[in-house]
Amino acid sequence: MALPTEFATYTQKLMGKELYGILEQGLQEEAPVSVRLNPFKTQGGLEGEEQAPWCPWGYWLTDRPAFTFDPLLHAGLYYVQEASSMFVCEAVRQCLKKDLVPNRPLLTADLCAAPGGKTTALRSVLPEGSLLFSNEPMKQRASILKENIIKFGHPDIIVTNNYPRDYRKTGLAFDLILTDVPCSGEGMFRKDPGAVDEWSPQNVEKCWQLQRSIVEDIWSNLKPGGILIYSTCTFNAHEDEENVQWIADTLGADFISLETQSEWNITGALVGNQPCYRFIPGRTRGEGLFMAVLRKHGKASGDKTWNSSATPNKTKKNGSYHQKWFNPGYGQFTEIEEKGIIRAIPARWAAIYNNVKKSLHVIHAGIELGTVKGKDLVPDASLALSTALNRSAFPQAELSYDDAIRYLRKEAVTLPSDSPRGFTLVTYRHQPLGFVKNIGNRANNLYPQEWKIKSSHIPTSASSLPCQPMEP
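## Re the overall build of the protein chain
Alright, step 1. Tallying secondary structure elements over the protein chain gives 12 helices and 21 strands in all.
Alright, step 2. Its C-alpha atoms give the protein chain a radius of gyration of 23 Å, near enough to 23 Å, the size a compact globule of 472 residues would have.
Alright, step 3. Referenced to the eigenvectors of the C-alpha coordinate spread, the extents of the protein chain come out at roughly 70 × 55 × 35 Å.
Alright, step 4. Considering the protein chain as a whole, with its 472 residues, one finds that 58% of them fall into the buried category.

Below, the structure written as structure tokens:
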């Protein structure tokens, strides 16, 4: 890999000759492969694979499977994520342990969230009952974010397609905000050769200014005493140490120190002496990541929860009610019909949803139950993949590996001859993939068109990570 001359000159001066040599060598090596299990859909770990020490659900794999052709990936049982990015789990865990945020339902946000790796990692460590806003400003990337959040399956997430400044109009006051800001992408040089071609000093200059404006735009939505997690996937100090120092000095915040183990090989600040955490390829097993945790000045407002009082459940669909579709342990849902789509919103934050949809572009919230078509409510993939689904509410058909791949290609699948007519939940290894409508002589595939496997490659054998699915 030929690194840009200006990058090499600056970075060697920043890191020093020895550390830069380690980075340079690391960038020539093959990138490690890692995944993070979904704790809401799996139990146990991955036997025979090494666990990432800063994330209880993260594992390095000994080889790279054909992820595209693993139905369990599409079912949301795991997420392919490089291990450094999983450090957000450790950061939040320590904030909770040290009472920097109260161990109660939190109102949180992931501000630049696509494709969804850090959002799903963050959701995994938040206290039960927390509500997470997952936002992405770019429309196409927001669609990918929505897909990954739906597959993750947790109902307490709202996905928005907005600029950070739009949140000012909501009046929301967050306990914790994650800003994995757009950056010059130096930490992705090994995984993405295009990042090398796109790098320039001018882009670095543009990025550090954009990053400051993003944090400044959302700052008023962070509670006094609230936590900001700032991260980039780049090496230069302009986007990293200099920016977090600017946040502390200009906006008003204190740095939070995290405990790390020496064997993790995390590098500290390269400029100044504030607590910062750098993952450097060749030294740390992962891609480039910078992270700092800051606490906004001001006194936290006691232990009062943000939860709104429960509102009665109701729906606009012919007076019918679909509470039987949910597991009782998930509490009550409020059903809302919008443009022919019925959403089930957890009642405890229904009032927040009704307020923010007036000022934010909400593209997903809670569970999308389905679309009204004539007398039918055509069930949505969001319902099939939700952890709140009561699977016994629908007839089920277990698919073989080959049929599961056909289903994910949005091709026709054949159901057992004794399958009842109507909507059927199809599963692979007893894990929901989506719905079909059995009309007797065939079953209409209801898998979302935009999600289908487009590769023309035909797998020669079953490809599934050895996850241990949660019992139905």
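## Examining helix α9 (residues 241-252)
Alright, step 1. Taking 1.5 Å as the rise per residue, α9 with 12 residues should run 16 Å; its terminal C-alpha atoms sit 15 Å apart, in good agreement.
Alright, step 2. By the burial criterion, the buried members of α9 are Glu241, Asn243, Val244, Trp246, Ile247, Ala248, Leu251 and Gly252.
Alright, step 3. Buried positions along α9 lie against α8 (201-218), β9 (222-232), β10 (253-256), β11 (277-279) and β12 (289-296).

## Considering the packing of helix α1 (residues 5-15) against helix α2 (residues 17-28)
Alright, step 1. Where α1 contacts α2, the axes come no closer than 6 Å and their chain directions differ by 130°. The pairing of α1 with α2 is recorded here as oblique in orientation. Considering only the axes of α1 and α2, their crossing is right-handed. In contact with Ala8, Thr11, Gln12 and Met15 of α1, α2 contributes Lys17, Leu19, Tyr20 and Leu23.
Alright, step 2. Per-class residue counts for the contact of α1 with α2 are five nonpolar, two polar and one charged.

## Remarks on the nonpolar core
Alright, step 1. Among the nonpolar cores identified, the biggest contains 78 residues, and Trp54, Phe87, Val92, Ile227, Ile229 and Tyr407 are the most heavily contacted of them.
Alright, step 2. At seven residues, the largest contribution of residues to this core is made by helix α4 (residues 87-97).
Alright, step 3. Once residues within four sequence positions are removed from consideration, Trp54 is found in contact with Trp60, Ala83, Ser84, Met86, Phe87, Cys89, Glu90, Trp264, Phe279 and Thr284.
Alright, step 4. In terms of nonpolar packing, the next biggest core, distinct from the first, is built from 40 residues, Ile158, Ile177, Trp219 and Ile352 among them.

## Let's talk about the packing of aromatic side chains
Alright, step 1. The full count for this structure, using the stated rule, is 20 aromatic pairs.
Alright, step 2. Both rings, one in Phe87 and one in Tyr277, keep their centres 5.9 Å apart while their planes meet at 45°; by these two values the pair is tilted. Taken together, the residues Phe87 in helix α4 and Tyr277 in strand β11 connect sequence positions 190 residues apart. There is no split in this pair, since Phe87 and Tyr277 are both buried.
Alright, step 3. Ring pairing ties together the aromatic residues Trp54, Trp60, Phe87, Trp264, Tyr277 and Phe279, which thus form one cluster.
Alright, step 4. A cation sits over an aromatic face here: Lys151 above Trp451, 5.1 Å from the ring centre.

## Considerations on unusual backbone geometry
Alright, step 1. Residue Pro115 is reached from Ala114 by a cis peptide bond, and omega for that bond is 5°.
Alright, step 2. Turning to its location among the elements, Pro115 is positioned in the loop between β5 (107-110) and α5 (117-125).
Alright, step 3. Its identity is not glycine, yet Asp99 carries a phi of approximately 60°, on the positive side.
Alright, step 4. Tracing the backbone shows Asp99 in the loop between α4 and β5.

## Focus: the sheet that holds strand β16 (residues 367-373)
Alright, step 1. Pairing is antiparallel in the open sheet, where four strands are placed in the order β13-β14-β16-β17. The outermost strands of the open sheet, each flanked by one partner alone, are β13 (333-338) and β17 (376-379). For this sheet, the mean angle separating the axes of adjacent strands, direction not counted, is 30°.

## Some words on the pairing of β9
Alright, step 1. Among the 11 residues that make up β9, 10 are buried, leaving the element largely enclosed by the rest of the structure.
Alright, step 2. Across six bridges, strand β8 (residues 174-180) lies against β9 in parallel orientation. Bridging from a neighbouring strand, Ile177 pairs with Leu228 of β9.
Alright, step 3. Looking at chain direction, β9 and β12 are connected through six bridges and run antiparallel.

## Re the pairing of β5
Alright, step 1. Of the two faces of β5, the one holding Leu107 and Ala109 and the one holding Thr108 and Asp110 are both buried throughout.
Alright, step 2. Where β5 meets strand β6 (residues 131-135), four bridges bridge the pair, whose relative direction is parallel. In the sheet register, Leu107 faces β6, and the bridge partner there is Leu131.
Alright, step 3. Crossover β5 to β6 through α5 is right-handed.

## Some words on the confidence of the model for the protein chain
Alright, step 1. When pLDDT is averaged along the protein chain, the result is 93; 96% of the residues meet or exceed 70.
Alright, step 2. Counting contacts from residues 309-320, a segment whose pLDDT is below 50, to residues more than four positions away or on other chains yields 23 contacts.

The rules behind each value
- Residues numbered from 1 in each chain as written.
- Predicted model: local features only at pLDDT ≥ 70, side-chain atom pairs only at ≥ 80, totals over all residues.
- Heavy atoms only, no water.
- Helix = DSSP H or I, 4+ residues; strand = E, 2+ residues; numbered from the N terminus.
- Rg over C-alpha atoms; globule rule 2.2 N^0.38 Å.
- Buried < 20%, exposed > 50% of the residue type's maximum accessible area, 1.4 Å probe, protein only.
- Expected span 1.5 Å × (residues − 1).
- Contact = heavy atoms within 4.5 Å.
- Axes fitted to C-alpha atoms, helices over the stretch in contact; angles between N-to-C directions.
- Parallel < 35°, antiparallel > 145°, perpendicular 65-115°, else oblique.
- Left-handed = near helix turned anticlockwise from the far one by under 90°.
- Nonpolar A, V, L, I, M, F, W, Y, C, P; charged D, E, K, R; others polar.
- Core = buried A, V, L, I, M, F, W, Y, C linked by side-chain atoms within 4.5 Å.
- Phe/Tyr/Trp six-rings, centres within 6.5 Å; stacked < 30°, edge-to-face > 60°.
- Lys NZ or Arg CZ within 6 Å of the ring centre and 35° of its normal.
- Pairing = 2+ DSSP bridges.
- Right-handed = clockwise from strand over helix to strand, strands pointing away.
- pLDDT = per-residue confidence, 0-100.

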